[in-house]
2 protein chains.
Amino acid sequence: MSDKKNVLLIGAGGVGTIVAYGIDYVGKSNLSIVVRRDYVKVKDAGYDISSVDYGNIKGWKPANIYPNVDAAAASGEVYDFIVIATKNLPDIVKMEELVKPVVVPGKTTLVLMQNGFDLGRPFFVHYPKNVILSGVSHIGSHNSGGVICQTQKDKAVVSYFENPNLSKEQQETKAHEFISLYSNDKNDCVYFDDAKWYRYRKLVYNASLNTVCALTGVDTGRLAFSGGLDTVSIPAMREVVKIAEADGVKLPSDVINSVVHSDDGDWFEPSMRVDVKKGNPVELEVILGNLLKVAGELGVETPILTVVYNLLKVVQFRLKEEQGLITLPKERPITDRVFK
Amino acid sequence: MSDKKNVLLIGAGGVGTIVAYGIDYVGKSNLSIVVRRDYVKVKDAGYDISSVDYGNIKGWKPANIYPNVDAAAASGEVYDFIVIATKNLPDIVKMEELVKPVVVPGKTTLVLMQNGFDLGRPFFVHYPKNVILSGVSHIGSHNSGGVICQTQKDKAVVSYFENPNLSKEQQETKAHEFISLYSNDKNDCVYFDDAKWYRYRKLVYNASLNTVCALTGVDTGRLAFSGGLDTVSIPAMREVVKIAEADGVKLPSDVINSVVHSDDGDWFEPSMRVDVKKGNPVELEVILGNLLKVAGELGVETPILTVVYNLLKVVQFRLKEEQGLITLPKERPITDRVFK
């Protein structure tokens, strides 16, 4: 028996594969991955990776490659860490349910290396005694059919989603343990002690610029030129700041200014805008849905974010239908409902 | 000298050409038209019309055909009626300024056969002593390069935009006079004595369903299925009803129900949605812009309509840029503005 940790990474796409490779590079883990779409290619020939961090790699394979979570469970391995690096679409797939076969209650640490806000909540419901880590990745990396092209350094910020049933020490220890399995001389993986603050900070951009660009079909530069930055996105940012405040999180006083200026000089298309353009579902629920749930619980009014959310739900419906996830009858059914 | 009236119709596209043909069919007018895009074809070979009202017509031409308003003015004709049947895009073309060369102050009657709300206002500023008629067309008719295909009966409702400088009698008389030039045994052109009421009634649909479908990229059926009808459009309709009320217009108590059910059984794509799909600018200012101006003057809160309007302004900016009406620098300029 080695003292290596059993790590399972789910979602080895653009980001996930670089995380997986980083973990393998450190060498303290017995690494398994779940790769769905590119399974046949990867199982056979491995990944070809062109990476700003690791250089050019041909045919990389971790110890175990599975086509789905059930296969990873059937192997009989007991996983110490499960890293989830899939796109975060709870309105399509509930990851907390999908991973059930591979999670040992009270033992497995889950690492949510995903976009979004308040991601721990559904996991605490299913796994009240497990540590749920937060991983925010600032990487640029794309996957085309098992060929990974990483153009921006792998920078990750690891913290924990505060589980009220566990001690802070226990959760912090697990965060550091995960970092020790993943951090190496090529990447930049650090501990940050407040996941909630960090995720609120990210939301100031994502809830306001990412969403509005997705709805209107422009980049952040055109959003500014057309007036939408001032009329919709900045007022929306103020709503995020207010929710954070009500939630006990004090964002920097110049946060709105920094967020707007973060795209200075770039006609930048945020991720949700790119998704809509490609016809892919957007990470709406984990960005705006979860935020508005918290706002509602705290009694914070969100007149702008709510309209933006409700409009994007219609867009999401369209995207899902275009992807065959929703089917409508050929004839539009007639309702006898009375509308008021 | 005949006792025919001099009528100039501007914008002989799908709708305008059928109106023009109807006027010519009646035979009480000396009819001129301004046709911009298809001028060469129409001047040479006339219109080919396939009409549910008038049958198949080859090579129809009115008395005079002009490529632009200046040419219509240069002819020396004095026009009794000017019918404007262009798409209504005041953020691109200000019709009240464009028609200046052909309007005789205090004499010419203008007929705004166009979509939108409160259309008289800019004309009253320029022509305080002229009658400005309202024509709401309920026709289905399309133009492809001078070939007109009219699929739905020409039904028009004529009234007047209330000019406070003129007597009601004078304005009503002009409305009836115009109807006498246009109404015939094939079309269905009626007088309605309250343009404001009629245009508010139309806005209940246009400000809420037309706009939201345009923003989200769906038809009214999918809007209902996806939840957007309930979360955005119906609350937006309630705002329209409130503005109307504050403006002294009492809409029917079941107006929201009738409007929603008006598309029963159809996966119907409203005009603004079709425009966005085709990459054409939308009639945003005359539908939402003018309404929100009135709401502001009356002190009516419009939290939903305002967000929808501000988002659509971004879409309009994008559509204008795509059409070459706006050009942006290659490098995104950096501002030193402090955002708060």
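All values reported here derive from a predicted model rather than from experimental measurement.

Chemist: Tell me what's going on with the overall build of chain A, and back it up with residues and numbers.
Modeler: In terms of regular secondary structure, chain A is built from 13 helices and twelve strands. Against the 2.2 N^0.38 benchmark of 20 Å for 340 residues, chain A shows a C-alpha radius of gyration of 21 Å, consistent with a compact globule. Judged by the C-alpha coordinates and their principal axes, chain A covers about 65 × 50 × 45 Å. Here chain A, with 340 residues, has 55% of them falling under the buried criterion. A sequence separation of at least 24 residues applies to 72% of the contacts in chain A between residues at least 6 apart. If you sum the accessible surface of chain A, you get close to 14200 Å²; carbon and sulfur atoms cover 51% of it. For chain A, the distance from the average site of its 39 positive side-chain charges to the average site of its 41 negative ones is 3 Å.

Chemist: I'd like a rundown of the relation of the copies chain B and chain A, residues and numbers included.
Modeler: Under the fitted operation, chain B is carried onto chain A by 0.0 Å of movement along the axis and a turn of 180°, and the coordinates agree to an RMSD of 0.0 Å. Overall, the copies show the geometry of a two-fold rotation axis. Comparing interface residues between copies, 100% of those in chain B also lie at the interface in chain A; the contact surface is shared.

Chemist: Could you give an account of the domain arrangement of chain A, naming the residues involved and the relevant values?
Modeler: Size of an interface, as often reported, equals the accessible area lost when the parts are brought together. All names here are of chain A. One can read the domain layout of chain A as domain 1 (5–193) and domain 2 (196–322). A C-alpha centroid distance of 26 Å is found between domain 1 and domain 2. Taken together, the 22 residues of domain 1 in the interface contact 21 residues of domain 2. Taken together, both faces of the contact between domain 1 and domain 2 bury some 1900 Å²; the carbon and sulfur share is 57%. Contact with domain 2 buries surface across domain 1, with K87, N115 and F117 losing the most and accounting together for 35% of the total. For D91, the salt bridge identified is with K320, shortest N-O distance 3.1 Å. Where domain 1 meets domain 2, there are 16 residue pairs in polar contact (both at pLDDT 80 or more). For the side of domain 1 that touches domain 2, the element with the highest residue contribution is strand 8 (residues 132–137), accounting for four residues.

Chemist: Give me the lowdown on the side chain of D53 of chain A, citing residues and values where you can.
Modeler: Residue and element names in this part refer to chain A. Mapping D53 onto the fold places it in the loop between strand 3 (47–51) and strand 4 (55–60). Take D53: its relative accessible area is 10%, and that puts it in the buried class. Within polar-contact distance, the side chain of D53 engages the side chain of Q150 at 2.7 Å. The residues contacting D53, other than those within four sequence positions of it, are Q150, K153, D154, K186 and N187.

Chemist: I'd like a description of the nonpolar core, backed by residues and values.
Modeler: V99, Y200 and L291 of chain A together with V99, Y200 and L291 of chain B are the most contacted members of the largest nonpolar core, which totals 144 residues. Those residues within four positions of L291 of chain A in sequence are excluded, and the remaining contacts are F117, Y200, L203, A207, V240, I243 and L305 of chain A.

Chemist: Give me empty space enclosed by the protein: which residues, what numbers.
Modeler: Enumeration over the complete set of coordinates arrives at two cavities of 30 Å³ or more. Its volume calculated, the largest cavity comes out at about 40 Å³. Residue lining of the largest cavity: R332 of chain A together with L209, T220, A224, L229, V260 and D263 of chain B, and that is the complete set. Broken down by class, the residue content of the lining of the largest cavity amounts to four nonpolar, one polar and two charged. The space that makes up the second largest cavity amounts to roughly 30 Å³. The wall of the second largest cavity is formed by L209, T220, A224, L229, V260 and D263 of chain A together with R332 of chain B.

Chemist: Lay out the sheet that holds strand 9 (residues 140–144) of chain B in plain terms, naming residues and giving numbers.
Modeler: Residues and elements named next belong to chain B. Taking strand neighbours across the sheet as the criterion, the four strands line up as 4-3-10-9 in an open arrangement whose pairing is mixed. Edge positions in the sheet fall to strand 4 (55–60) and strand 9, since each of these pairs with one other strand and no more. Averaged over all adjacent pairs, the angle separating strand axes in this sheet is 15°, with direction ignored.

Chemist: How would you summarise the packing of helix 9 (residues 228–246) of chain B against helix 13 (residues 303–322) of chain B if you had to cite specific residues and measurements?
Modeler: Residues and elements named next belong to chain B. Between helix 9 and helix 13, the least distance of the axes is 8 Å, while the angle of their chain directions is 115°. Taken together, the axis directions place helix 9 and helix 13 in an arrangement best described as roughly perpendicular. Seen from above, helix 9 lies across helix 13 with left-handed handedness. Listed contacts from helix 13 to T231, V232, P235, A236, E239, V240 and I243 of helix 9 are P303, I304, L305 and V308. Residue classes in the contact of helix 9 with helix 13 are distributed as nine nonpolar, one polar and one charged.

Chemist: Lay out the sheet that holds strand 6 (residues 81–84) of chain A with the relevant residues and their values.
Modeler: All names here are of chain A. Sheet architecture is open: eight strands sit in the order 5-2-1-6-7-8-11-12, paired in mixed fashion. Looking along the sheet, the strands with just one partner apiece sit at the ends: strand 5 (64–66) and strand 12 (188–191). Strand-to-strand, the axes of this sheet are offset by a mean angle of 20°, without reference to chain direction. On the sheet, helix 7 (residues 195–216) packs against strand 7 (109–112), strand 8 and strand 11 (155–160) and is oriented at approximately 35° with respect to strand 8.

Chemist: Can you lay out the environment of E331 of chain B for me, pointing to particular residues and giving the numbers?
Modeler: Positionally, E331 of chain B belongs in the segment after helix 13. Taking the relative accessible area as the measure of exposure, E331 of chain B reaches 64% and is therefore exposed.

Analysis parameters
Residues numbered from 1 in each chain as written. Chains lettered and ligands numbered in written order. Predicted model: local features only at pLDDT ≥ 70, side-chain atom pairs only at ≥ 80, totals over all residues. Heavy atoms only, no water. Helix = DSSP H or I, 4+ residues; strand = E, 2+ residues; numbered from the N terminus. Rg over C-alpha atoms; globule rule 2.2 N^0.38 Å. Buried < 20%, exposed > 50% of the residue type's maximum accessible area, 1.4 Å probe, protein only. Contact = heavy atoms within 4.5 Å. Areas by Shrake-Rupley, 256 points an atom, 1.4 Å probe, with all protein chains shown as cover. Lys, Arg positive; Asp, Glu negative; His and termini not counted. Charge placed at Lys NZ, Arg CZ, Asp CG, Glu CD. Least-squares fit on C-alpha atoms with pLDDT ≥ 70 in both. Domains from an automatic or database assignment. Buried area = accessible area lost by both parts, 1.4 Å probe. Salt bridge = Lys/Arg side-chain N within 4 Å of Asp/Glu carboxyl O. Polar contact = N/O pair within 3.5 Å; in protein donor to acceptor, adjacent residues only side chain to side chain. Core = buried A, V, L, I, M, F, W, Y, C linked by side-chain atoms within 4.5 Å. 1 Å grid on protein atoms, 1.4 Å probe; cavity = no way out; pocket = protein on both sides within 12 Å on 5 of 7 lines; lining within 4 Å. Points joined across faces, edges and corners; volume = space filled by probe spheres on them. Nonpolar A, V, L, I, M, F, W, Y, C, P; charged D, E, K, R; others polar. Pairing = 2+ DSSP bridges. Axes fitted to C-alpha atoms, helices over the stretch in contact; angles between N-to-C directions. Parallel < 35°, antiparallel > 145°, perpendicular 65-115°, else oblique. Left-handed = near helix turned anticlockwise from the far one by under 90°.

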